Structures are given as C-alpha cells and as structure tokens.
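Coordinate inspection notes
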Amino acid sequence: MIEALPPEPGALASGAQDATGATAPAGLEEATAPVLGFERELGVTTASLGDPTDPGFWALTPLTDEIRRGRLADPVSGKSVQVELRPSGGASGAGTRVSLSAMQALEVPLISLTNLKVYASE
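Residues numbered from 1 in each chain as written. Predicted model: local features only at pLDDT ≥ 70, side-chain atom pairs only at ≥ 80, totals over all residues. Heavy atoms only, no water.

**Considerations on the overall build of the protein**
- A count of helical and extended segments in the protein gives 2 helices and 7 strands.
- Written out in order from the N terminus, the α and β elements of the protein read β-α-β-β-β-β-β-α-β.
- Across the protein, every contact between residues at least 6 apart in sequence was considered, and the portion connecting residues at least 24 apart equals 74%.
- A total accessible area of about 6,600 Å² is found for the protein, and carbon and sulfur atoms account for 56% of it. (Helix = DSSP H or I, 4+ residues; strand = E, 2+ residues; numbered from the N terminus. Contact = heavy atoms within 4.5 Å. Areas by Shrake-Rupley, 256 points an atom, 1.4 Å probe, with all protein chains shown as cover.)

Set out below in structure tokens:
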C-alpha cells in the first residue's frame, strides 16, 4: 500500500518549549515534517524503547533488511515520525526498538509496548 502523509498540526520546532516547559528534541521539526513522495507499509510491529544513549530518530526493526528512510505511525493517536529504519536481523515478530527521540515525538509511553505501523520511503 502506498500513501502520502498529510501534515501534522501543532508540532514543536527543535528547541521550542511546550506548555509544560519541556524542550523538544533536536531534529523534531524535520522528523515530524510531512513526507514528500510515496511510501510503502512494511507492517505493524510491537515497539519498545531502544538504547536511550543512541541519539537521533531511528528504529531497529526486523521489517527491513537494509538501512533506509521510513516512518513510524501510532494508529491510535495518528501521530507519526520520520526515522532511519535499521535492520535488526530478528524474526519478523521479534518487535522493534525505537529511539528515545522518536518515542517522545510519538508521545507514546516509554515503559510500555506499543503497536506501531512501519512505512518505508520510496
């Protein structure tokens, strides 16, 4: 399935503060910008927090076999974030580890498992 991502209203720019005074992670504006071009859905994965010391917007997933640009979407909230998809080498049901910045952009709980849709940019 190929689809284009509509713009997301209300995204914080990098370094901007929200109403609670929290600072947005570096690169947030670019990561939450609308996708230009087309993308293909790779599947749904159970996601958890990856290595919090590894900076940036990335997902280590068995749904790709090469490093590529992609997007993670939370089907519940509708929020999405562009990430670097990295192959994990695991079985397709092994789950995906997601960067701290991407988890924060999606506003999903850091200590729970979350089902996310994974898209590859074409």
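Don't stop here, the text continues.
**Re the side chain of D74**
- Examined against the element boundaries, D74 turns out to sit in the loop between β4 (68-73) and β5 (80-87).
- Despite its burial, D74 remains without a salt bridge, the nearest opposite charge being carried by K79 at 8.7 Å. (Buried < 20%, exposed > 50% of the residue type's maximum accessible area, 1.4 Å probe, protein only. Lys, Arg positive; Asp, Glu negative; His and termini not counted. Salt bridge = Lys/Arg side-chain N within 4 Å of Asp/Glu carboxyl O.)

**Notes on unusual backbone geometry**
- At E107, a residue that is not glycine, the phi angle is positive and equals roughly 55°.
- Residue position: E107 is located in the loop between α2 (100-106) and β7 (114-121).
- For E107, a relative accessible area of 59% gives the class exposed.

**Focus on the confidence of the model for the protein**
- Residue-level pLDDT values for the protein average 82, and 70% of them are 70 or greater.
- Across the protein, strand β3 (residues 58-61) holds the top mean pLDDT of 98, while strand β1 (residues 2-3) sits lowest at 48.
- Taken together, the stretch residues 1-17 has pLDDT below 50 and engages in 41 contacts with residues farther than four places along the chain or on a different chain. (pLDDT = per-residue confidence, 0-100.)

**Re the nonpolar core**
- Ranked by size, the top nonpolar core spans 18 residues in total, and within it L72, V81, V83 and V98 carry the most contacts.
- Broken down by secondary-structure element, the contributors of at least two residues to this core are β2 (39-49), β5, α2 and β7.
- Per element, the largest residue contribution to this core is 4 residues, and it comes from α2. (Core = buried A, V, L, I, M, F, W, Y, C linked by side-chain atoms within 4.5 Å.)

**Description of the pairing of β3**
- Sheet analysis places β3 next to β5, joined by 4 bridges and oriented parallel. In the sheet register, T61 faces β5, and the bridge partner there is P87.
- For β3 and strand β6 (residues 96-98), the ladder comprises 2 bridges, and the chain directions are antiparallel. Across the sheet, A59 pairs through a bridge with V98, a residue of β6. (Pairing = 2+ DSSP bridges.)

**Points about the pairing of β4**
- As paired elements, β4 and β5 share 6 bridges and run antiparallel to each other. When the bridges of β5 are listed, R68 appears paired with L85.
- The hairpin formed by β4 and β5 contains 6 residues between the paired strands, and G78 there has a positive phi angle of roughly 85°.
- Where β4 and β7 come together, 4 bridges link them in antiparallel fashion. Its bridge partner lying in β7, A73 is registered against K117.

**Digging into the environment of K117**
- Mapped onto the elements of the fold, K117 is located in strand β7.
- With 75 residues separating them along the chain, K117 and L42 place their C-alpha atoms 7.7 Å apart.
- With sequence-adjacent residues up to four places away left out, K117 is seen in contact with E41, G43, V44, R71, L72, A73 and P75.

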